[in-house]
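Structural description and commentary
The chain contents come next:
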Amino acid sequence: MNLKVHYDEEADVLYLAGEGQEEQVIEVQPGLNLELDSNGDLIGVEILGASRLLKGVIEPLRGRALKLS
C-alpha cells in the first residue's frame, strides 16, 4: 500500500492515506481511526492528538537525529 502522509498542525491530526473511497471508519482506540474501503481493505489511518500520542516515539528519534548531525 502506498501511503501519503499529511499532518494538520492546527488540528494536530496525522493522516496516513492510501487510494480509495472511504466507506467505513473504525475507532481502534480513542484518537486512532482506521479507514476502510467498500471491500473492507485498509486505505488510511487517522491519528487524532498526534503530537501527544506519538511523543514517546518522536522524542527518541529526534535525539538520535541530533546525535547524527
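**Some remarks on the side chain of aspartate 37**
Within the secondary structure, aspartate 37 sits in the loop between strand 4 (32–36) and strand 5 (42–48). Among buried charged residues, aspartate 37 stands out as having no salt bridge; its nearest opposite-charge side chain is lysine 4, 16 Å away. Of note is the side chain of aspartate 37, whose polar atom sits 2.9 Å from the backbone nitrogen of aspartate 41. Excluding residues that lie within four positions of it along the chain, aspartate 37 makes contacts with Gln21, Glu23 and Ile43.

**With respect to the sheet that holds strand 5**
If you walk across this open sheet you meet the five strands as 1-2-5-4-3, and the pairing is antiparallel. The open sheet has two edge strands, strand 1 (4–8) and strand 3 (24–29), and neither has a second partner. Between one strand axis and the next, the sheet turns through 20° on average, direction left out of account. Inspection of the sheet shows strand 1 paired to strand 2 (residues 13–17) by five bridges, in the antiparallel sense. Counted as the bridge partner of aspartate 8 is valine 13 from strand 2.

**Quick word on the environment of glycine 20**
For glycine 20, the location among the structural elements is in the loop between strand 2 and strand 3. Classification of glycine 20 as exposed rests on a relative accessible area of 57%. Along the sequence, glycine 20 and arginine 64 sit 44 residues apart, while their C-alpha atoms lie 36 Å from each other.

**Structural notes on the side chain of aspartate 12**
The residue aspartate 12 is located in the loop between strand 1 and strand 2 in this model. Despite being buried, aspartate 12 has no salt bridge partner; arginine 52 is the closest side chain of opposite charge, sitting 6.3 Å away. Of the polar contacts made by the side chain of aspartate 12, one reaches the side chain of serine 51; its length is 2.8 Å. In this view, aspartate 12 contacts Tyr7, Ile47, Leu48, Gly49, Ala50, Ser51 and Arg52; residues no more than four positions away in its chain are not counted.

**Focus: the pairing of strand 2**
Two faces belong to every sheet, and in a regular strand the side chains alternate between them. Taken together, the five bridges between strand 2 and strand 5 define a ladder with antiparallel strand orientation. Note that in strand 5 the partner of alanine 17 across the bridge is glycine 44.

Conventions we followed
Residues numbered from 1 in each chain as written. Predicted model: local features only at pLDDT ≥ 70, side-chain atom pairs only at ≥ 80, totals over all residues. Heavy atoms only, no water. Helix = DSSP H or I, 4+ residues; strand = E, 2+ residues; numbered from the N terminus. Buried < 20%, exposed > 50% of the residue type's maximum accessible area, 1.4 Å probe, protein only. Lys, Arg positive; Asp, Glu negative; His and termini not counted. Salt bridge = Lys/Arg side-chain N within 4 Å of Asp/Glu carboxyl O. Polar contact = N/O pair within 3.5 Å; in protein donor to acceptor, adjacent residues only side chain to side chain. Contact = heavy atoms within 4.5 Å. Pairing = 2+ DSSP bridges. Axes fitted to C-alpha atoms, helices over the stretch in contact; angles between N-to-C directions.

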